[in-house]
Amino acid sequence: PQKSRQALQTLYQTVWAPLTAALKGADKVVLSPDGQLNLVPFATLLDEQGRPLVEKYRLAYVTSGRELVTADSGIKPDSDLLLVANPAFAKKDVATGSPGASRRSRNFRGSFDPLPGTELEAKTIPPLVAGKKDRKRVVVGATATESAVKAARSPRILHLATHGFFLEDEEIVLDDKQRGQKVAAPKHENPLVRSGLAFAGANHAAESAGDDDGILTALEITGMDLYGTDLVVLSACETGVGEVKNGEGVYGLRRAFALAGAKNLMMSLWPVSDEVTASQMQAFYKNMQTMPPAEALRQAQLATIKELKAKFGGQAPPVLWAPFFLQGAQALGQ
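Residues numbered from 1 in each chain as written. Predicted model: local features only at pLDDT ≥ 70, side-chain atom pairs only at ≥ 80, totals over all residues. Heavy atoms only, no water.

1. Topic: the sheet that holds strand 10 (residues 215-217)
Pairing is antiparallel in the open sheet, where three strands are placed in the order 6-9-10. Two strands bound the open sheet, and with one partner strand each, they are strand 6 (164-166) and strand 10. Going from strand to strand, the sheet's axes swing by 30° on average, the running direction of each strand aside. (Pairing = 2+ DSSP bridges. Helix = DSSP H or I, 4+ residues; strand = E, 2+ residues; numbered from the N terminus. Axes fitted to C-alpha atoms, helices over the stretch in contact; angles between N-to-C directions.)

Below, the structure is given as structure tokens:
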């Protein structure tokens, strides 16, 4: 739509155009956005000729410049692939784990629809990943549990094809005892329990008091061992969002996987069609055989743009081709 194009052109003029002189001759750009810019898909910004930046630049993101000087852990992956797809969200008899307080938000009331389109990812992606068959594991349906993910120890690639969620932060209230200052509501929650991923049994999470309730929160992810993991792919909806804190990046899944040790992450900024995603994911993994992850995604997006233009008379709505982005200091290669 014209309104969307105008917004992308305005963003380009406001945010990107002032940088063009400094970027002259560069084709690789690593971005470390702040505040609400964390939620901007820079690849979609339209330049003076109406071209999206994805056609000119190779883009990757980091939470801070410190990531660029972080030494490699040297830890080797324990396996080549763990792929989780189409969890049985409605399954009731999923193991609930050991008794104890759940780490999900007290406000969580999620209910998730099946993702049958992700079954295609489970079939097509493993053959595209280098490595022996016995070093690749695929879990779907009732076996796609939270515990199966948490038990992973540094798979080289961790691919999670499921629903993501983020609960808006709790309202800040006025406290008369603090002379009208705004303070956190009573029992204010850690933002890391207000975002997460859904797995088998998630639609019955409220019935579980254990720590395996089908809801893998960002807080739980920070406790995972992913220091040998080269890439985490979150083939899900809105996995790149979270509570925005100026100067601190995004609290949510982005930060959680980085803290767990993953080198690179691919996430989404808005809800995506599981069928379109499956197609783009297949192209991405084919490209990964010869390209670093950020370039593999870029080429998959360019191919999608070409297909959309042929289908929609020269138009390629960004909402269909640009939900995913790559974060990581090594996303563009060494």
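There's plenty left to go through after this.
2. A look at the side chain of R298
With respect to the helices and strands, R298 occurs in helix 7 (residues 293-311). Of the residues examined, R298 reaches a relative accessible area of 10% and is grouped as buried. A polar atom in the side chain of R298 sits 3.3 Å from the backbone oxygen of E55. Only 3.2 Å separates the side chain of R298 from the side chain of E295, close enough to count as a polar contact. With residues near it in sequence (within four places) discarded, R298 still touches V54, E55, K56, Y57 and R58. (Buried < 20%, exposed > 50% of the residue type's maximum accessible area, 1.4 Å probe, protein only. Polar contact = N/O pair within 3.5 Å; in protein donor to acceptor, adjacent residues only side chain to side chain. Contact = heavy atoms within 4.5 Å.)

3. Details of a nonpolar patch on the surface
Taken together, V30, L68 and V69 make up a surface patch of nonpolar side chains, about 290 Å² in accessible area. By secondary structure assignment, the location of V69 is in the loop between strand 2 (58-61) and strand 3 (79-87). Taking the relative accessible area as the measure of exposure, V69 reaches 72% and is therefore exposed. (Patch = residues over 30% accessible without salt bridge, like charges linked within 9 Å, V, L, I, M, F, W, Y side chains within 5 Å. Areas by Shrake-Rupley, 256 points an atom, 1.4 Å probe, with all protein chains shown as cover. Salt bridge = Lys/Arg side-chain N within 4 Å of Asp/Glu carboxyl O.)

4. Some remarks on the side chain of D80
Structurally, D80 can be placed in strand 3. One polar contact links D80 to R156, side chain to side chain, over a distance of 3.1 Å. When sequence neighbours within four positions are dropped, the list of residues in contact with D80 reads V129, A130, G131, K132, R135, K136, R156 and I157.

5. Structural notes on the pairing of strand 14 (residues 264-268)
Of all five residues that make up strand 14, five are buried, and the element is covered over most of its length. Along strand 14, one buried face is formed by N264, M266 and S268 and the opposite face, lined by L265 and M267, is buried too. One ladder, built from three bridges, connects strand 11 (residues 231-234) with strand 14; its direction is parallel. What sits directly across from V232, in strand 14, is L265.

6. A word on the pattern of salt bridges
Opposite charge on two side chains allows them to pair when their charged atoms are near. Using the criterion set out here, one finds nine salt bridges in the structure. In this structure, D80 and R156 form a salt bridge, with 3.1 Å as the shortest nitrogen-oxygen distance. In this pair, D80 sits in strand 3 while R156 sits in strand 5 (residues 155-161), placing the two residues 76 residues apart along the sequence. Using a relative accessible area of 9% as the deciding quantity, one classes D80 as buried. Connected through shared salt-bridge partners, D27, R58, E295 and R298 make up one network.

7. Comments concerning the pairing of strand 11
Along a regular strand, successive side chains alternate from one face of the sheet to the other. Here strand 11 shows a buried face lined by L231 and V233 and a second buried face lined by V232 and L234. Where strand 5 lies against strand 11, four bridges are found, and the strand directions are parallel. Residue pairing in the sheet places H159 in a bridge with V233 of strand 11.

8. Let's talk about the environment of F165
Inspection of the secondary structure assignment puts F165 in strand 6. The class for F165 is buried, based on a relative accessible area of 10%.

9. Here we look at helix 1 (residues 2-16)
Counted at 1.5 Å a residue, the expected span for helix 1 with its 15 residues is 21 Å, and the 20 Å between its end C-alpha atoms agrees. Within helix 1, burial applies to L8, Y12 and W16. Angular distribution of buried residues about the axis of helix 1 spans 45°; they occupy a single face of the element. In helix 1, those exposed residues whose orientation departs by more than 90 degrees from the buried face are K3 and T14. Buried residues along helix 1 sit in contact with strand 1 (28-31), strand 2 and helix 8 (318-321). (Expected span 1.5 Å × (residues − 1). Arc of directions from axis to C-beta.)

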